Amino acid sequence: MTSHATGTFDLDSWDAEKPFHEDIGTKQTRVRVGKTFHGDLVGTSVTELITVESVEGGPLAYVGIETVQGILHGREGTFVLQHSGGSDDGTPETQWLRWLIVSGSGTGELTGIRGEGRIVVGADGTHSWSLDYTLG
């Protein structure tokens, strides 16, 4: 049976290193992000991202790995999310952000978790999330 979880998260830290690759029109940067989750998942995470931005500063794409520690619908443990996101033109209106739970990464009461989710960034900068998952 698939469960559905929703909530918001706060960006506690956004530590970007100096861009490691700059081409005509784009730059790639490594970023370390800290989050606090609220809602059906209560906990924290650390994410390692690789971002691609236009030289004008608009986000174009990112990939990443996020380690989440928390309580999801009353079950405590950890799991890893694989991120993928992008934007057609660097604006929030064309942005898409997707998660996949890495199979085999669940621990504690979240052992066997599988699923996928989405992140939505509101016009006011708030971050909401949804996650559809199963526990094996």
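For the structure itself, consult the block above.
Thresholds applied
- Residues numbered from 1 in each chain as written.
- Predicted model: local features only at pLDDT ≥ 70, side-chain atom pairs only at ≥ 80, totals over all residues.
- Heavy atoms only, no water.
- Pairing = 2+ DSSP bridges.
- Helix = DSSP H or I, 4+ residues; strand = E, 2+ residues; numbered from the N terminus.
- Core = buried A, V, L, I, M, F, W, Y, C linked by side-chain atoms within 4.5 Å.
- Buried < 20%, exposed > 50% of the residue type's maximum accessible area, 1.4 Å probe, protein only.
- Contact = heavy atoms within 4.5 Å.
- Phe/Tyr/Trp six-rings, centres within 6.5 Å; stacked < 30°, edge-to-face > 60°.
- Lys NZ or Arg CZ within 6 Å of the ring centre and 35° of its normal.

A. Seen up close, the pairing of strand β4 (residues 41-54). Strand direction decides the pairing type here: strand β3 (residues 26-39) and β4, joined by 12 bridges, are antiparallel. If you follow Arg30 over to β4, its bridge partner there is Ile50. Bridge analysis of β4 against strand β5 (residues 59-72) gives 13 bridges, and the strand direction is antiparallel. Across the sheet, the residue bridging to Val42 is Ile71, located in β5.

B. Structural context of the nonpolar core. Within the largest apolar cluster, 21 residues are counted, with the highest numbers of intra-cluster contacts made by Leu72, Phe79, Trp129 and Leu131. Secondary-structure elements contributing two or more residues to this core are β1 (3-16), β3, β4, β5, β6 (75-87), β7 (95-101), β8 (113-121) and β9 (127-135). Setting aside its immediate chain neighbours within four residues, Leu72 contacts Ala5, Asp40, Leu41, Leu110, Ile113, Leu131 and Tyr133.

C. Broad picture of the environment of Gly74. When you line up the elements, Gly74 lands in the loop between β5 and β6. A residue is classified by how much of its surface remains accessible, and Gly74, at 62% relative accessible area, is exposed. With 50 residues separating them along the chain, Gly74 and Asp124 place their C-alpha atoms 30 Å apart.

D. Examining the packing of aromatic side chains more closely. Overall, the coordinates contain 4 aromatic pairs when judged by the stated rule. Measuring from ring centre to ring centre gives 6.4 Å for Phe37 and Trp99, while their planes differ by 65°; the resulting arrangement is edge-to-face. Of this pair, Phe37 sits in strand β3 while Trp99 is found in strand β7, placing the two residues 62 residues apart along the sequence. Phe37 sits in the buried class, given a relative accessible area of 1%. Take Trp99: its relative accessible area is 2%, and that puts it in the buried class. An aromatic cluster of three or more residues is present, and its members are Phe9, Phe37, Trp99 and Trp129. Directly above the ring of Phe20 sits Arg30, whose terminal nitrogen or CZ lies 4.8 Å from the centroid. The side chain of Lys35 reaches across the aromatic face of Phe9, ending 4.3 Å from its centre.

E. Representation of the environment of Thr51. The topology assignment puts Thr51 in strand β4. Between the alpha carbons of Thr51 and Gln28 there is a distance of 5.5 Å; along the sequence they are 23 residues apart. Ignoring sequence-local partners within four residues, the contact set of Thr51 consists of Lys27, Gln28, Thr29, Val31, Ala61 and Tyr62.

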